[in-house]
Amino acid sequence: MGIISLLDESCLIANSSDQAFLEKLDKYFAKHDHYESFLTAKDKTIKSGEFRLKHYAGDVSYDVSGFIDKNKDTLWRDVLVVMSQSTDSLMSTLFPPVDDSKKRPETAGSQFRTAMNSLIDTLLKCQPHYVRCIKPNDLKKSGNMDEERTRHQIRYLGLVENVRVRRAGFANRQEYKRFLHRYKMTTPSTWPTWKGSDRSGVEEIIKHHKLPSDEFRLGKTKVFIKNPRTLFMFEEKRAEVLPKIMIKLQATWRGYWQRMQYKKTRAAHNIQSAWRGYKSGIIYIKNQAAFLIQLKWRSYKANKYMSSVISSFQNVKSDPTLGKTTKWPPVTPGSARAEGYLILIWRKWRVNRSGLGVDTHSLADLPSLG
């Protein structure tokens, strides 16, 4: 009988206690190599009411206090029936339909044993890949490594033998596709796109790095690397190239982003320019009549000023002073420049008329004759 069977048997006996269960364990397993208790062991670190099992990863002590009550702690059948009839999919999955059998419900230990047997049957039908976990200390603290305990677990997990086997053969093996995808950036001919087969791409990478023939083997679907240092070399080359690739990707993305922003801005500028042109055209059309009125008014004022000048100098030829005493008409705001030219013409005419023989090219430098 096993420990769980003895526990279930103790649960069936009326007025059974945890201490009676421990006495049964001492009776059946006192001479077992992997069992110890307060009465059977020479090690007095085991307290009264405890037993110890020697597992492959270490010794584990169990306190029997509450074992029988916890083993009897099964869920009531009425609760199981109600939960199995739930319309919620999760609840109906967790609580399958309960049969109408009147037999005694399974204890917690029996349920655990059944679940473990089912798990073992499932594992035997598969090809499992185990993840070996190492417990560094018993204090549940980070940064604390118990060397003796860690060495003990490594030895029992068989990791030393696995490492020896690996180092005797090929330390690393990868499919061609994965190897090419991870290290193709280390070779210019395979980056960024390799158009050949995965195997030819791997051969190109190995040829570029000039690996000795005894450092690798090419299988049907995988490449085998013998020395871990060779794999570390590939990782170092990859780490050197990745920052340059990231910088190039960033530059390409930023250029694309700026071009898109420029296109949006240019479209906005075109819309603004068209709108301003439209507004200017509307304003010009509105002000065109005012511009024509201003033009006619300025022409009228200029003609009026010229008529007054002609009227003032009409008899200047018969004037002994040749118009020196003639008063010029008032200058309008738009006729100031014309008045200057008229005065200059009059002065030239007056000099020539008086016969002074002055060079007309230097008249502009003479002071006013008036």
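Up top is the structure.
The present account deals with the structure reproduced in this document. (Residues numbered from 1 in each chain as written. Predicted model: local features only at pLDDT ≥ 70, side-chain atom pairs only at ≥ 80, totals over all residues. Heavy atoms only, no water.)

### Things to note about the side chain of serine 10
You can see serine 10 is positioned in helix H1 (residues 3-12). A relative accessible area of 1% means that serine 10 is categorised as buried. In this structure serine 10 touches Ser16, Phe21, Lys24 and Ile68, once residues within four positions along its chain are discounted. (Helix = DSSP H or I, 4+ residues; strand = E, 2+ residues; numbered from the N terminus. Buried < 20%, exposed > 50% of the residue type's maximum accessible area, 1.4 Å probe, protein only. Contact = heavy atoms within 4.5 Å.)

### Comments concerning the pattern of salt bridges
Here the structure, examined in full by the defined rule, presents 10 salt bridges. Here aspartate 8 makes a salt bridge to arginine 113, at a shortest N to O gap of 3.9 Å. With aspartate 8 in helix H1 and arginine 113 in helix H6 (residues 108-124), this residue pair connects regions lying 105 residues apart in the sequence. A single network of salt bridges, built from pairs that share partners, joins Glu36, Arg52 and Lys54. (Salt bridge = Lys/Arg side-chain N within 4 Å of Asp/Glu carboxyl O.)

### So, the pairing of strand E6 (residues 222-225)
The side chains of a regular strand alternate between both faces of the sheet. Because side chains alternate across E6, one face comprises the buried residues Val223 and Ile225, and the other comprises Lys222 and Phe224, none of which is buried. Summarising the sheet, strand E4 (residues 172-175) and E6 pair through four bridges and their orientation is antiparallel. Residue pairing for E6: arginine 173 is matched across the bridge by phenylalanine 224. Note that strand E5 (residues 216-218) and E6 share three bridges and pair antiparallel. Looking at E6, one finds that arginine 217 is bridged to phenylalanine 224. (Pairing = 2+ DSSP bridges.)

### Comments concerning helix H12 (residues 336-354)
Owing to its 3.6 residues per turn, the α-helix brings residues three or four apart onto one side. For H12, with 19 residues, the first-to-last C-alpha span of 27 Å sits near the 27 Å given by 1.5 Å per residue. When we look at burial in H12, the residues that qualify are Glu339, Leu342, Trp346, Arg350 and Val351. In an axial view of H12, the angular spread of the buried residues amounts to 170 degrees, which keeps them on one side of the axis. Across H12 from its buried face, at more than 90 degrees, point the exposed residues Arg337, Tyr341 and Ile345. Tucked into the core, H12 has its buried residues touching helix H11 (228-312). (Expected span 1.5 Å × (residues − 1). Arc of directions from axis to C-beta.)

### Remarks on the sheet that holds strand E3 (residues 58-63)
Reading across from one edge, E1-E2-E3 is the order of the three strands in this open sheet, with antiparallel pairing throughout. Either end of the sheet is taken by a strand with one partner, and the two such strands are strand E1 (35-37) and E3. The average angle at which neighbouring strand axes cross in this sheet is 25 degrees, direction not considered. Contacts from helix H2 (residues 18-29) reach E1 and strand E2 (50-55), with the element oriented near 135 degrees to E1. (Axes fitted to C-alpha atoms, helices over the stretch in contact; angles between N-to-C directions.)

### Observations regarding the packing of aromatic side chains
As enumerated under the stated definition, the model contains 16 aromatic pairs in all. Aromatic pair tyrosine 35 and phenylalanine 51: ring centres 6.0 Å apart, planes at 25 degrees, arrangement stacked. Taken together, the residues span a long stretch of sequence, with tyrosine 35 in strand E1 and phenylalanine 51 in strand E2 at a distance of 16 residues. The two residues tyrosine 35 and phenylalanine 51 agree in class, both being buried. (Phe/Tyr/Trp six-rings, centres within 6.5 Å; stacked < 30°, edge-to-face > 60°.)

### Observations concerning the environment of valine 241
Inspection of the secondary structure puts valine 241 in helix H11. Here valine 241 falls in the partly exposed class, since its relative accessible area comes to 23%. In this structure, the C-alpha to C-alpha distance between valine 241 and tyrosine 183, residues 58 residues apart in sequence, is 10.0 Å.

### What to know about the packing of helix H9 (residues 176-183) against helix H10 (residues 198-209)
At a closest axis distance of 9 Å, the pairing of H9 and H10 adopts a crossing angle of 45 degrees. Accordingly, the angle class assigned to the pair H9 and H10 is oblique. Along this stretch, H9 crosses H10, giving a crossing that reads as left-handed. Residues Tyr176, Lys177, Phe179, Leu180 and Tyr183 of H9 lie in contact with H10, whose contacting residues are Asp198, Arg199, Gly201, Val202 and Ile205. (Parallel < 35°, antiparallel > 145°, perpendicular 65-115°, else oblique. Left-handed = near helix turned anticlockwise from the far one by under 90°.)

### Digging into the environment of glycine 109
The residue glycine 109 is located in helix H6 in this model. Along the sequence, glycine 109 and lysine 70 sit 39 residues apart, while their C-alpha atoms lie 9.1 Å from each other. The residues contacting glycine 109, other than those within four sequence positions of it, are Ile4 and Asn71.

### Points about the pairing of E2
Taken together, the three bridges between E1 and E2 define a ladder with antiparallel strand orientation. When the sheet's bridge partners are listed, serine 37 is paired in E2 with phenylalanine 51.

### As for the sheet that holds E5
If you trace the three strands from one edge of the open sheet to the other, you get E4-E6-E5, paired in antiparallel fashion. Each having just a single partner strand, E4 and E5 make up the two edges of the open sheet. Ignoring which end each strand starts from, the neighbouring axes of this sheet average 15 degrees apart.

### A word on H10
If you check H10, its first and last C-alpha atoms are 17 Å apart, about what 12 residues at 1.5 Å a residue would give, namely 16 Å. Within the span of H10, buried status applies to Gly201, Val202, Ile205, Ile206 and His209. End-on view of H10: buried residues confined to an arc of 135 degrees, all on one side of the axis. Residues of H10 that are buried make contact with H9, E5, E6 and H11. A positive phi of about 55 degrees marks lysine 210, the residue just after H10.

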